[in-house]
Amino acid sequence: MKRRDFIFTIGYQGSAAMVDRTAVRRFGKLSTEELAREELFRAAFCSALYSGDENELETFRRIFGEASGMEELSVEELKRLFGVKGVPDNVSRVIYV
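Along each chain, residues carry numbers from 1 onward, in the same order as the chain's sequence is written. In keeping with the predicted nature of the model, local features appear solely for residues at pLDDT of at least 70, side-chain atom pairs appear and are counted solely at 80 or more, and the whole-chain, interface and lining totals rest on all residues. Side-chain numbers come from the whole structure's heavy atoms, not from hydrogens or water.

Student: Would you mind going over unusual backbone geometry in detail, with residue names and values included?
Tutor: Of note in the backbone geometry, E39 takes a positive phi value of approximately 65° without being a glycine. Counting through the fold element by element, E39 comes out in the loop between α3 (32-37) and α4 (41-51). E39 gets classed as exposed once you look at its relative accessible area, which sits at 58%. Helical segments are the DSSP runs of H or I of at least four residues, strand segments are the runs of E of at least two, and each set is numbered from the N terminus. Relative accessible area decides the class of each residue, using a 1.4 Å probe on protein chains only: under 20% of the type maximum gives buried, over 50% gives exposed, and in between gives partly exposed.

Student: Give me the nonpolar core: which residues, what numbers.
Tutor: Only buried residues count toward a nonpolar core. Its members are Ala, Val, Leu, Ile, Met, Phe, Trp, Tyr and Cys residues joined through side-chain atoms within 4.5 Å. Counting 26 residues, the largest nonpolar core has F8, F45, F60 and F82 as its most contacted members. When residues of this core are assigned to their parent elements, the largest contribution, seven residues, is made by α4. What makes two residues a contact is simply this: any of their non-hydrogen atoms within 4.5 Å. For F60, the residues in contact, after removing those within four places along its chain, are T32, A36, F41, A44, F45, L78 and F82.

Student: Help me get a handle on the pattern of salt bridges, residues and values and all.
Tutor: The salt bridge criterion pairs a side-chain nitrogen of Lys or Arg with a carboxyl oxygen of Asp or Glu, the two atoms within 4 Å. Under the counting rule described, the total for this entry stands at three salt bridges. Taking the shortest distance from any N to any O, the salt bridge between R61 and E58 comes out at 2.9 Å. On the criterion of helical spacing, the pair formed by R61 and E58 is a turn pair, its members being three residues apart in helix α5 (residues 54-68). Residue E58 is classed as partly exposed on the basis of its relative accessible area of 38%. Close ionic contact of E76 with K79 constitutes a salt bridge, the shortest N to O distance being 3.5 Å.

Student: Residue-level account of the packing of aromatic side chains, with values.
Tutor: Here a pair means two rings of Phe, Tyr or Trp (six-membered ring of Trp) with centres within 6.5 Å. Their orientation is stacked below 30 degrees between planes, edge-to-face above 60, and tilted elsewhere. On inspection of all chains with the given rule, the structure shows seven aromatic pairs. Seen in terms of ring centroids, F41 and F64 are 5.2 Å apart; in terms of plane orientation they differ by 75°. Their pairing is edge-to-face. With F41 in helix α4 and F64 in helix α5, this residue pair connects regions lying 23 residues apart in the sequence. Take F41 and F64: they sit in the same class, and that class is buried. Ring geometry for F45 against F60: centres 5.6 Å apart, planes inclined by 45°, an arrangement best described as tilted. With a gap of 15 residues between them, F45 in helix α4 and F60 in helix α5 connect regions that are remote in the sequence. Among the aromatic residues, those joined into a cluster by ring pairs are F41, F45, F60, F64 and F82.

Below you can see the structure in the form of structure tokens.
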């Protein structure tokens, strides 16, 4: 699954990911930090998860904490907050809606 598809996935149907086509076109090339600065917090968190880079996760946590006042959330708490478990490995196709 491509990064831009993962960060703008709005749901799953079986092994297909349902992806917001408009968001991919408009914001798909932004970095994790740029997404967070645009206040696209769920997409920014997904981007940081997808990268697997601890620095990106910390950058996201800092920006999100400043904006929300919830500065001490762990990655697991953020996963629950945004409803994201991680990058799925069983997605066989992407449906743009």
